[in-house]
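# Descriptive structure summary
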Amino acid sequence: MQTSNTRHARGFWLIAFAFTTGMAFSTIPTPLYSLYQRRDGFSTAMITVIFACYAVGVLISLFLAGHVSDWLGRRRLLICGLLVEVVAALMFLRWESLSGLLAARVICGVGVGLITATATAHLGELNSAARPEAESTRADLVGTAANLGGLSLGPLTAGALAQFAVDPLQLPYWVFIVAMLLAVLGVLAVPETVNRHHRPYRPQRISVPVTAPQGQRKYALITARRQYFDAAAVAFTAFALMGLFTGLASSFVSGTMHQTSHLMAGLPSFLVFFCAAAAQIILGRRPPARLFAIGLPLLVGGLLLTTVAVWIPDLALFLCGGAVAGAAVGLMFKGAMAAAAALAAPEARGETAAGIFLAAYIGLTVPVVLVGVATRLVSLPSAMTGFAVVVALVCVALGFRLFATEHV
């Protein structure tokens, strides 16, 4: 038994490494977009389309394959996700054109979709097997650190390599190809936690199941749907801001603020994801209503700081705004997931969470693409101001709905 516990404990950290590596790879291009712009001659608006391709790939993967590890096995699907990301890295390296960037980002998103749900579940199961008497707190914290922490490491690593090493559009991908292949070898040594069995395939469904006494079922269903759509709106809003930083931060830094440092171009995205992870780890155990009460004002404050910073322009203020906004994103998305999970029966939580992810990734793509399109008509600061006003108004409306009516 001790040997089995030791294998599961070692496997827990190997999966954490694989999870972190896979997520970090997905944000490598963030500080490199200005280099791709010079190489391929596309506009700032096209950067948002390239970013949207990634989110589309994640959504497709989550809904078509993110749940099949429940019966095919965690290791098998996690290895597939890592190898898909290796393929995406090779596409970045060898397909040197705008179409290559678009295709590589879609494939990268597919890999992330395979990794995210699978690694999260695998960490929880390995933790339970290694420490049967302990709570799941460690798995939750490590999963958050690997997911959001990995996303934060990607732009920082790529920016540093681009700034201080040779071949900025080559070396970061080779480094992560090696890291992901090492991660594959690590996953091969990890115990499987799912008994493989046959199940008829179906895509991930979206539902909001409600259990209530017969006489109250209609009222319970209406109330639950209202709460669910509130949670989905929160996730949409939080990811809209995350999409702005991930998709356009490097353009703000290099264009509006005239910074030529690739490391500095990756710093805003690093701060957003790092602060999101830190906020979830420190405050994530609070109830959803409390998370929303903290997160919504922080989001408005982060928007205000970044908008002012873009107009001045002031890089330090922009980074502070990103840090505040990142903390807000982490808290709001954590609250949205917790609120949605509370509405579902245990056997249907995956279907309930799928709808929140759908809302979140629509928020990650559509608003930032609209901002990108707007930059073809107005200046980047003006487009940013319009985005900030709309999101702030949505936050105010959500605040009234969530707290005045006590839905959550």
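Residues numbered from 1 in each chain as written. Predicted model: local features only at pLDDT ≥ 70, side-chain atom pairs only at ≥ 80, totals over all residues. Heavy atoms only, no water.

Each helix and strand in the protein was counted, giving 14 helices and 0 strands. For the protein, the N- to C-terminal ordering of α and β elements is α-α-α-α-α-α-α-α-α-α-α-α-α-α. The C-alpha atoms of the protein give 21 Å as radius of gyration, which agrees with the globular expectation for 408 residues (22 Å, within 12%). Principal-axis analysis of the C-alpha atoms places the extent of the protein at approximately 60 × 50 × 35 Å. The buried share among the 408 residues of the protein stands at 55%. A fraction of 84% describes how many contacts in the protein between residues 6 or more apart in sequence connect residues 24 or more apart. With the model as given, the accessible surface of the protein reaches about 16900 Å², and the carbon-plus-sulfur share is 67%. (Helix = DSSP H or I, 4+ residues; strand = E, 2+ residues; numbered from the N terminus. Rg over C-alpha atoms; globule rule 2.2 N^0.38 Å. Buried < 20%, exposed > 50% of the residue type's maximum accessible area, 1.4 Å probe, protein only. Contact = heavy atoms within 4.5 Å. Areas by Shrake-Rupley, 256 points an atom, 1.4 Å probe, with all protein chains shown as cover.)

Take the layout of surface pockets next. In this approach the atoms are scanned with a rolling probe the size of a water molecule, which exposes any empty space left behind. If you add up the space inside the second largest pocket, you get close to 220 Å³. Pro367, Leu370, Phe387, Val390 and Val391 are the residues nearest the centre of the second largest pocket, which is lined by 14 residues in total. Contributing elements (two or more residues each) for the lining of the second largest pocket: helix H9 (217-256), helix H13 (349-374) and helix H14 (380-404). With 6 residues, H14 is the largest single contributor of residues to the lining of the second largest pocket. Its residues assigned to classes, the lining of the second largest pocket shows 12 nonpolar, 2 polar and no charged. (1 Å grid on protein atoms, 1.4 Å probe; cavity = no way out; pocket = protein on both sides within 12 Å on 5 of 7 lines; lining within 4 Å. Points joined across faces, edges and corners; volume = space filled by probe spheres on them. Nonpolar A, V, L, I, M, F, W, Y, C, P; charged D, E, K, R; others polar.)

Before going further, it helps to spend a moment on the side chain of threonine 48. Secondary-structure assignment places threonine 48 in helix H3 (residues 44-64). Not counting the four nearest positions on each side in its chain, threonine 48 is found in contact with Leu248, Val368, Val369 and Gly372.

Quick look at the packing of helix H6 (residues 98-130) against helix H7 (residues 137-164) now. Taken N-terminus to C-terminus, the directions of H6 and H7 make an angle of 150°; their axes are 9 Å apart at the nearest point. Classed by the angle they form, the pair H6 and H7 counts as roughly antiparallel. Read as a crossing pair, H6 and H7 show a hand that is right-handed. Every residue of H7 that contacts H6 at Thr116, Leu123, Gly124 and Asn127 is listed here: Arg138, Ala139, Val142, Gly143 and Asn147. For the contact of H6 with H7, a count of residues per class yields 3 nonpolar, 5 polar and 1 charged. (Axes fitted to C-alpha atoms, helices over the stretch in contact; angles between N-to-C directions. Parallel < 35°, antiparallel > 145°, perpendicular 65-115°, else oblique. Left-handed = near helix turned anticlockwise from the far one by under 90°.)

This paragraph deals with the environment of valine 329. If you trace the backbone, valine 329 turns up in helix H12 (residues 315-343). For the pair valine 329 and tyrosine 201, spaced 128 residues apart in sequence, the C-alpha separation works out to 34 Å. Setting aside residues no more than four positions away along its own chain, valine 329 makes contact with Ala238, Leu241, Met242 and Leu299.

This model, assessed by the stated rule, comprises 12 aromatic pairs. With centroids separated by 4.8 Å and ring planes inclined at 50°, the aromatic side chains of phenylalanine 239 and phenylalanine 333 adopt a geometry described as tilted. With phenylalanine 239 in helix H9 and phenylalanine 333 in helix H12, this residue pair connects regions lying 94 residues apart in the sequence. Assessed through its relative accessible area of 8%, phenylalanine 239 is described here as buried. Consider the rings of phenylalanine 270 and phenylalanine 274, whose centres lie 5.5 Å apart with planes at 20°: the pair is stacked. (Phe/Tyr/Trp six-rings, centres within 6.5 Å; stacked < 30°, edge-to-face > 60°.)

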